[in-house]
Amino acid sequence: MFRRSGGQCVATFAHDEVRVLRKVAAEVVGLLTDGMDHTDPVVSRLFPDIYPDLPEDSQEFRLYTEGDLKTSKIDQAGAILAALPDEGEGEVRLDGEAAEAWLRAINDARLAMGTRLEIKADTDLGEELDDAVLEDPGSSRVFQLSVYAYLGYLQESLLNALPEIR
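Just so it is clear, the model here is predicted, and its values are computed rather than measured. (Residues numbered from 1 in each chain as written. Predicted model: local features only at pLDDT ≥ 70, side-chain atom pairs only at ≥ 80, totals over all residues. Heavy atoms only, no water.)

Draft legend 1. A look at the nonpolar core. One finds Phe2, Phe13, Trp102 and Leu151 to be the most contacted residues of the largest nonpolar core, which totals 42 residues. Those elements that provide at least two residues to this core are strand 2 (8-13), helix 1 (15-33), helix 2 (41-46), helix 3 (55-83), strand 3 (90-94), helix 4 (96-116) and helix 6 (140-161). Among the elements that line this core, the one with the most residues is helix 6, at nine residues. Here tryptophan 102 is in contact with Phe2, Phe13, Ala79, Ile80, Ala83, Leu84, Val92, Leu94, Leu154 and Leu158, once residues within four sequence places are set aside. (Core = buried A, V, L, I, M, F, W, Y, C linked by side-chain atoms within 4.5 Å. Buried < 20%, exposed > 50% of the residue type's maximum accessible area, 1.4 Å probe, protein only. Helix = DSSP H or I, 4+ residues; strand = E, 2+ residues; numbered from the N terminus. Contact = heavy atoms within 4.5 Å.)

The structure is reproduced here in structure tokens:
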């Protein structure tokens, strides 16, 4: 997937990969721009309470920091959208700053998907996917787990390419 080429991280994406990445990034942007609901577990995961035992203090902290954090997350997802081809397959070249934005955006997408899919730290993703395939190979869960796994692979390949360009 991602490899180092000179001072950049470079990857070539197939048409389907471009479509999936565009959809995932757009969904993150949508989640953050469509009136965030703090009772939504995904929003809570992306914007956790800094003081879980002190809700008033967490609320005050959120008041001062959430806008900038939200803007940053939207910009990072936007970095994915900006770098990908509009349609079809294509090559993506990322400098160090863009690669770090991609990493943060992929992480946010995986946190959101993992929350929706109820993935825990001790979840065996391969086993979870196998179970989902046995239950219904054409289910949306199989597709979502596959995308979640793909994002992990993408994130790892980018991490492996990134240290070399710093």
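Draft legend 2. Up close: a nonpolar patch on the surface. A surface patch of nonpolar side chains, amounting to about 360 Å² of accessible area, comprises Ile50, Tyr51, Leu54 and Phe61. Following the sequence through the fold, isoleucine 50 ends up in the loop between helix 2 and helix 3. (Patch = residues over 30% accessible without salt bridge, like charges linked within 9 Å, V, L, I, M, F, W, Y side chains within 5 Å. Areas by Shrake-Rupley, 256 points an atom, 1.4 Å probe, with all protein chains shown as cover. Salt bridge = Lys/Arg side-chain N within 4 Å of Asp/Glu carboxyl O.)

Draft legend 3. Broad picture of the pairing of strand 3. Alternating positions in strand 3 separate cleanly, Gly90, Val92 and Leu94 being buried on one face and Glu91 and Arg93 remaining unburied on the opposite face. Where strand 2 meets strand 3, five bridges bridge the pair, whose relative direction is antiparallel. Bridge pairing in strand 3 places phenylalanine 13 opposite glycine 90. (Pairing = 2+ DSSP bridges.)

Draft legend 4. Focus on the pairing of strand 2. As paired strands, strand 1 (residues 3-5) and strand 2 are joined by three bridges and run antiparallel to one another. The residue of strand 2 that forms the bridge with arginine 4 is cysteine 9. With antiparallel pairing between neighbouring strands as the criterion, strand 1 and strand 2 make up a hairpin whose turn holds two residues, including glycine 6 at a positive phi of roughly 65 degrees.

Draft legend 5. Main features of unusual backbone geometry. The phi angle at glutamate 118 is positive, at roughly 60 degrees, despite the residue not being glycine. With respect to the helices and strands, the residue glutamate 118 is situated in the loop between helix 4 and helix 5 (125-135).

Draft legend 6. Structural detail: the side chain of glutamate 66. Along the chain, glutamate 66 falls in helix 3. Residues within four places of glutamate 66 in sequence aside, it is in contact with Met36, His38 and Phe47.

Draft legend 7. Representation of the pattern of salt bridges within the structure. Summed over all chains, the structure comprises ten salt bridges. Put simply, lysine 23 and glutamate 27 hold a salt bridge, and the shortest N to O gap is 2.8 Å. Taken together, the residues lysine 23 and glutamate 27, both in helix 1 and four residues apart, mark about one turn of the helix. The partner of aspartate 108 in a salt bridge is lysine 73, with the nearest N and O atoms 2.9 Å apart. One end of the pair, aspartate 108, is in helix 4; the other, lysine 73, is in helix 3, with 35 residues separating them in the sequence. Both residues of the pair, aspartate 108 and lysine 73, belong to the buried class. Each of Arg3, Glu91 and Arg93 takes part in salt bridges that share partners, so that together they form one network.

Draft legend 8. Layout of helix 4. Helix length check: helix 4 (21 residues) gives 30 Å between terminal C-alpha atoms against 30 Å at 1.5 Å per residue, within 8%. Taken as a whole, helix 4 has its buried residues at Ala99, Ala101, Trp102, Leu103, Ala105, Ile106, Asp108, Ala109, Arg110, Ala112, Met113 and Gly114. Where helix 4 is buried, its residues contact strand 2, helix 1, helix 2, helix 3, strand 3 and helix 6. Structurally, the start of helix 4 carries an N-cap: the backbone nitrogen of glutamate 97 is 3.2 Å from a side-chain oxygen of aspartate 95. Looking one or two places after helix 4, you find glutamate 118, whose phi comes out positive at around 60 degrees. (Expected span 1.5 Å × (residues − 1). Polar contact = N/O pair within 3.5 Å; in protein donor to acceptor, adjacent residues only side chain to side chain.)

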